Amino acid sequence: MITPGQLAKRAEFYHQLGQLTGAGIPIITAFQQALRHPPALAYRRHLAEALADLEAGFTLAETLRRRNWLPEFDLTLIEAAERSGRLDLCFRSLGEFYAERAQMLRRMLGELAYPAALLHFAVFIFPFAQFFLTGDWKRYLMQTVLVLLPLYAVVGLLVLALQSRHGERWRAFMESVLDVVPVVGTARRNLALARLCAALEGLLNAGISIVEGWEVAAAASGSPRLRRMVAGWRAEVEAGRSPAELVTASGTFPDLFASEYAAGEVSGRLEESLGRLHRYYQEEGTRKLHAAAQWTPRLIYLAIVLMIAHRIVSFYAGYFRQIGEVLEF
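Residues numbered from 1 in each chain as written. Predicted model: local features only at pLDDT ≥ 70, side-chain atom pairs only at ≥ 80, totals over all residues. Heavy atoms only, no water.

On to the packing of helix α10 (residues 184-205) against helix α11 (residues 210-220). In contact at an axis separation of 8 Å, α10 and α11 are set at 145° when each is read in the N-to-C sense. In the packing of α10 onto α11, the handedness of the crossing is right-handed. Between α10 and α11, the residues in contact are Arg195, Leu196, Ala199, Leu200, Leu203 and Leu204 and Ile210, Gly213, Trp214, Val216, Ala217, Ala218 and Ala220, respectively. Its residues assigned to classes, the contact of α10 with α11 shows 11 nonpolar, 1 polar and 1 charged. (Axes fitted to C-alpha atoms, helices over the stretch in contact; angles between N-to-C directions. Helix = DSSP H or I, 4+ residues; strand = E, 2+ residues; numbered from the N terminus. Left-handed = near helix turned anticlockwise from the far one by under 90°. Contact = heavy atoms within 4.5 Å. Nonpolar A, V, L, I, M, F, W, Y, C, P; charged D, E, K, R; others polar.)

Have a look at this one:
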């Protein structure tokens, strides 16, 4: 479970490294400085271990992969940036990425706070009148706690299901499920393409072959579908087909991506095309996630209000029914 605070600390870590390396400070000295002023205490152990590996002669990419405490997307970009000599730009880009994610998640949780409080108030207040008259604690707890526990269980299972540390099959299943969710599915696909473009651009600038670059970038995208599809391209590329032809024939990539990639491949300016595609899909995916973050709390709030209204109407309907029965009697 990643919290906004954890994302903000990671953004601060990358911003710090970006400023230091951008000023021409060697990576070992940058890690020493980060160790003296870590963004969080949890980073101190990781930084100390990484610093020991760097001083032992390992490259930055080898060091971070040995310790395995950063996401694959981060590792791929850092490895490509280290080979191409653009570590400062990579750190700044990752810092901005995580800062934006932290801000969006913080906004969404803030907007969910009021509907959640309203739901708990409604669950506890409606049975309270009967409890006040009877003093029956057991019945009151059954009418309140037993209503909330299934909701907590559903939320917990959802959070557990969306964790990124599950196996390939489970993540592929969750990807297919989330693809049909309005707005969220499109946002996830756009962000996966943005990560793929960013990783592929960095790898090509670092001199990685196009076949290996595609395979590593697809793995860094976080999409099991893209990774499986690209894994079958090697034989066809070695047989003479270009990646642009495979992108078009796959039917998985949007027309804009296929046409822009093909134009970059033919003109010899593929890195520029990938940069434009990265910015476009990053902006589109972020915009749709912002929309989901704004409307999800509102829809939950509307559902809770409708539930409360139904309970109020049912209460007064029963109340007037009892009055009518008394008058008839």
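Now for empty space enclosed by the protein. A water-sized probe rolled over the atoms picks out the places where empty space is left. Inspection of every chain in the model, using the stated rule, returns 1 cavity of 30 Å³ or more. Of the volumes computed, that of the largest cavity is approximately 50 Å³. What lines the largest cavity is Ile210, Val211, Trp214, Glu215, Val230, Trp233, Arg234, Val237 and Pro243. Only α11 and α13 (234-238) provide two or more residues apiece to the lining of the largest cavity. The leading source of residues in the lining of the largest cavity is α11, at 4 residues. (1 Å grid on protein atoms, 1.4 Å probe; cavity = no way out; pocket = protein on both sides within 12 Å on 5 of 7 lines; lining within 4 Å. Points joined across faces, edges and corners; volume = space filled by probe spheres on them.)

So, about the nonpolar core. Formed by 65 residues in total, the largest nonpolar core has its most connected members in Phe31, Ile78, Trp214, Trp233, Phe253 and Phe257. The dominant element in this core, judged by the number of residues it contributes, is α10, at 10 residues. By size, the runner-up hydrophobic cluster in this structure holds 7 residues, among which are Leu118, Ala122, Val123 and Ile304. (Core = buried A, V, L, I, M, F, W, Y, C linked by side-chain atoms within 4.5 Å. Buried < 20%, exposed > 50% of the residue type's maximum accessible area, 1.4 Å probe, protein only.)

What follows deals with the layout of surface pockets. Roughly 620 Å³ of volume is contained in the second largest pocket. Contributing to the lining of the second largest pocket are 21 residues, with Leu89, Ser93, Ala198, Glu201 and His278 lying nearest its centre. Of all elements in the fold, only α5 (72-84), α6 (87-125), α10 and α16 (270-328) reach the threshold of two or more residues within the lining of the second largest pocket. The element best represented in the lining of the second largest pocket is α6, accounting for 6 residues. Each residue belonging to the lining of the second largest pocket can be placed in one class, and the counts come to 8 nonpolar, 6 polar and 7 charged.

What the rule picks out here adds up to 17 aromatic pairs. Between phenylalanine 13 and tyrosine 14 the ring centres are 5.3 Å apart and the planes differ by 50°, which places this aromatic pair in the tilted class. For the pair shown, phenylalanine 13 and tyrosine 14 are each scored as buried. Between tyrosine 14 and tyrosine 98, the ring centres sit 6.0 Å apart and the planes meet at 20°, which makes this aromatic pair stacked. In this pair, tyrosine 14 sits in helix α1 (residues 4-22) while tyrosine 98 sits in helix α6, placing the two residues 84 residues apart along the sequence. Residue tyrosine 98 is classed as buried on the basis of its relative accessible area of 2%. Among the aromatic residues, those joined into a cluster by ring pairs are Phe13, Tyr14, Phe31, Tyr43, Trp69, Phe73, Phe91, Phe97 and Tyr98. Just above the ring of tyrosine 98 sits the side chain of arginine 10; from NZ or CZ to the centre is 5.1 Å. Above the ring of phenylalanine 58, the side-chain terminus of arginine 66 is found at 4.3 Å from the ring centroid. (Phe/Tyr/Trp six-rings, centres within 6.5 Å; stacked < 30°, edge-to-face > 60°. Lys NZ or Arg CZ within 6 Å of the ring centre and 35° of its normal.)

Attention now goes to unusual backbone geometry. Trans is the prevailing form of peptide bonds, just as negative phi is the prevailing case for residues other than glycine. In this structure, valine 183 takes a positive phi of about 70° despite not being glycine. Position of valine 183 relative to the elements: it lies in the loop between α9 (168-179) and α10. Judged by its relative accessible area of 37%, valine 183 falls in the partly exposed class.

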